[in-house]
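Letter by letter, the chains look like this.
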Amino acid sequence: ENETPEYVVIANRTSEHADTLKDLAALQFDGPVLVEKPLANTPLSLPAQLSEKTFVAYNFRFHPLLNDLRNRLEGKEIVSVDGYAGEFLPHWRPERDYRETYSAYREQGGGVLRDLSHELDYLNWLLGGWSQGAALGGQFSQLQVDSDDVFILLLETEQCPAVTLHLNYLDRGPHRAIRVNTTDHTLEANFTDETLSVDGALISEYELERDATYRAEHEAILNEEYDRLCTAEEALDVMDLIEAAGKSATNHTF
């Protein structure tokens, strides 16, 4: 009511995203919106005037390593994919007690399945979207959280018949990578070391400044270059995958 912003970033708790979007719509805001991932912690319908210019901050889409991998996979027959992302939650924000962060509480949108949903988005982006899957997951460790700290997904996607993804809050030595087997080669993008290997041979190394992908994401929105951004529709598909994985793990359905 007191300002006339051209661009809005929503970066409060995941559980508050939906109400903030409703508030923006009530104030007749119709500019671009970037919502911190995931879009929300429960399914929602976006207000009409926001839907076309609402994006979700899956900034891995702006990582040169992931783009290098994506370009190399274009037109290739992909046989299997294995993704992995793990990091010890108490080390994420060393200046804060992890038990006081939203990550520790399911009702606030925490849990490894949502926190590390970058992997869900980029697998959809690389492989044409998921079609079916199953999952195991929950709160299995001694961490003092009530949110899920381990999840393992098995997926079928449009471009790959067999995809696995392991997510956890437990790795004392952080590790984030994706390995892809095509009919011709094995490619591995290691986001921890920022390297790309093909058939075990190092092909590319990157020295990426910490905020580079965030800056590139904001610049794309400000320059109205929307092609690489995660749209609201794509983010809703990630949410559907999160919901499906959660139900599979709870009901032990495969």
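Procedures and definitions
Residues numbered from 1 in each chain as written. Predicted model: local features only at pLDDT ≥ 70, side-chain atom pairs only at ≥ 80, totals over all residues. Heavy atoms only, no water. Pairing = 2+ DSSP bridges. Helix = DSSP H or I, 4+ residues; strand = E, 2+ residues; numbered from the N terminus. Axes fitted to C-alpha atoms, helices over the stretch in contact; angles between N-to-C directions. Contact = heavy atoms within 4.5 Å. Salt bridge = Lys/Arg side-chain N within 4 Å of Asp/Glu carboxyl O. Buried < 20%, exposed > 50% of the residue type's maximum accessible area, 1.4 Å probe, protein only.

Peer 1: Just give me the short version of the sheet that holds strand β4 (residues 78-86), but keep the residues and values in it.
Peer 2: Reading across the sheet, the 8 strands line up as β5-β6-β7-β4-β8-β9-β10-β11 and stay open at both edges, with mixed pairing between neighbours. Each of the sheet's edge strands pairs with one partner strand only, and the pair in question is β5 (130-138) and β11 (201-205). When strand polarity is set aside, the average angle formed by the axes of neighbouring strands in this sheet is 15°. As paired elements, β4 and strand β8 (residues 175-182) share 8 bridges and run antiparallel to each other. Counted as the bridge partner of Ala 85 is Arg 176 from β8. Lying over the sheet, helix α7 (residues 232-251) contacts β5 and β6 (150-157), oriented at roughly 50° with respect to β5.

Peer 1: I'd like to hear about the pairing of β8, residue by residue, with values.
Peer 2: Note: β8 against strand β9 (residues 186-190), 5 bridges, orientation antiparallel. Bridge pairing in β9 places Ile 178 opposite Ala 189. Counting the residues that bridge the hairpin from β8 to β9 gives 3 residues.

Peer 1: Go over the pattern of salt bridges with me, naming the residues and quoting the values.
Peer 2: In the structure shown here, the tally under the stated rule is 10 salt bridges. Note that Arg 106 is salt-bridged to Asp 148, the shortest N-O span being 3.7 Å. Within this pair, whereas Arg 106 is found in the loop between β4 and α4 (112-115), its partner Asp 148 is found in the loop between β5 and β6, the two being separated by 42 residues in sequence. For Arg 179, the salt bridge is made with Glu 188, and the minimal N-O distance between the two is 2.8 Å. Since its relative accessible area comes to 38%, Arg 179 is described here as partly exposed. Look at the salt bridges and you will find they share partners, linking Arg 61, Asp 121 and Glu 234 into a network.

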